[in-house]
Amino acid sequence: MPSSAIHPRGPELFALLVDPARVHEVPADAIPALLCQLSAIQSALAAKLMAPARTNSSERSESDRLLTADEAASILGVTPRWLYRHQRLPFVRKLSRKALRVSEVGLRHWLAAKKT
């Protein structure tokens with residue numbers, strides 16, 4: 001855990017989180033770095049909050065592989081174009097404007113959930 005001691009450039013981010021009243025101790029030239037740190041933390045927390053629940057890498061199957069749009073479309077019984085139009089499905093990963101990959105394990109879990 002970072003120290004809450006006052007440094008020559010002002011208090012560390014952790015010290016400010018613990019005691020926001022110390023913000024007056026922050027020198028003006030240290031503010032941009034602290035704002036960048038705070039923004040990075042905020043972005044990481046927002047991404048975690050908005051991301052679908054994912055399993056830990058230790059829980060993931062070793063047999064999971066990324067399928068092409070053609071392979072996934074044949075499993076689903078749809079056209080590859082349908083997959084491109086429905087790229088927000090949880091198992092679809094967009095690599096570029098014209099390239100999609102599909103998690104085989106994610107696809108199978110989604111299909112199993114649809115059957116119930």
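Structure: above.
First, a word on what this report is: a plain description of the structure on this page.

Parameters and conventions
- Residues numbered from 1 in each chain as written.
- Predicted model: local features only at pLDDT ≥ 70, side-chain atom pairs only at ≥ 80, totals over all residues.
- Heavy atoms only, no water.
- Helix = DSSP H or I, 4+ residues; strand = E, 2+ residues; numbered from the N terminus.
- Buried < 20%, exposed > 50% of the residue type's maximum accessible area, 1.4 Å probe, protein only.
- Contact = heavy atoms within 4.5 Å.
- Salt bridge = Lys/Arg side-chain N within 4 Å of Asp/Glu carboxyl O.
- Pairing = 2+ DSSP bridges.
- Axes fitted to C-alpha atoms, helices over the stretch in contact; angles between N-to-C directions.
- Parallel < 35°, antiparallel > 145°, perpendicular 65-115°, else oblique.
- Left-handed = near helix turned anticlockwise from the far one by under 90°.
- Nonpolar A, V, L, I, M, F, W, Y, C, P; charged D, E, K, R; others polar.

1. Digging into the overall build of the protein
Right, so step 1: When you go through the protein residue by residue, the secondary structure sums to five helices and five strands.
Right, so step 2: Starting at the N terminus and walking to the C terminus, you meet the elements of the protein as β-β-α-α-β-α-α-β-β-α.
Right, so step 3: By the burial criterion, 21% of the 116 residues in the protein qualify as buried.
Right, so step 4: When contacts within the protein are restricted to residue pairs at least 6 apart in sequence, long-range pairs at least 24 apart make up 32% of them.

2. Remarks on the pattern of salt bridges
Right, so step 1: Counted by the stated rule, this structure contains three salt bridges.
Right, so step 2: R22 serves as the salt-bridge partner of E25, at 3.3 Å between the closest nitrogen and oxygen.
Right, so step 3: A salt bridge links R65 to E104; its shortest N-O distance comes to 3.3 Å. Placement of the pair is R65 in the loop between α2 (31-50) and β3 (66-68) and E104 in helix α5 (residues 104-115), with a sequence separation of 39 residues.
Right, so step 4: Overall, the relative accessible area of 43% leaves R65 in the partly exposed class.

3. A few points about the sheet that holds β3
In sheet architecture, strand pairing relies on hydrogen bonds along the backbone and comes in two forms, parallel and antiparallel.
Right, so step 1: Reading across from one edge, β3-β5-β4 is the order of the three strands in this open sheet, with antiparallel pairing throughout. Each end of this open sheet is capped by a strand with a single partner; those strands are β3 and β4 (92-96). Between one strand axis and the next, the sheet turns through 35° on average, direction left out of account.
Right, so step 2: As paired elements, β3 and strand β5 (residues 99-103) share three bridges and run antiparallel to each other. From the neighbouring strand, L66 faces β5, where its bridge partner is S103.
Right, so step 3: The strands touched by helix α3 (residues 69-76) within the sheet are β3 and β5, with β3 carrying the most contacts at an inclination of about 90°.
Right, so step 4: Against the sheet, α5 engages β3 and β5, with an angle of about 65° to β5.

4. Some thoughts on the pairing of β5
Here is the key point about a regular strand: its side chains alternate between the two faces of the sheet.
Right, so step 1: Within β5, four of the five residues are buried, which leaves the element mostly enclosed by the surrounding structure.
Right, so step 2: In this structure, the hairpin formed by β4 and β5 is closed by a connection of two residues.

5. Some details on the environment of P80
Right, so step 1: Considering the arrangement of structural elements, one finds P80 in helix α4 (residues 80-85).
Right, so step 2: A relative accessible area of 27% means that P80 is categorised as partly exposed.
Right, so step 3: In contact with P80, not counting residues within four places along its chain, are A69, D70 and A73.

6. Side note on the packing of α3 against α5
The geometry of a pair of packed helices is captured by two quantities: the angle between their axes and the separation between those axes.
Right, so step 1: Interaxial distance between α3 and α5 falls to 11 Å at its minimum, and their mutual angle equals 20°. Put simply, α3 runs roughly parallel to α5. In this structure, α3 crosses over α5, and the sense of that crossing is right-handed. Only L107, R108, W110 and L111 of α5 make contact with α3, whose side of the interface consists of A72, I75 and L76.
Right, so step 2: Its residues placed into classes, the contact of α3 with α5 shows six nonpolar, no polar and one charged.

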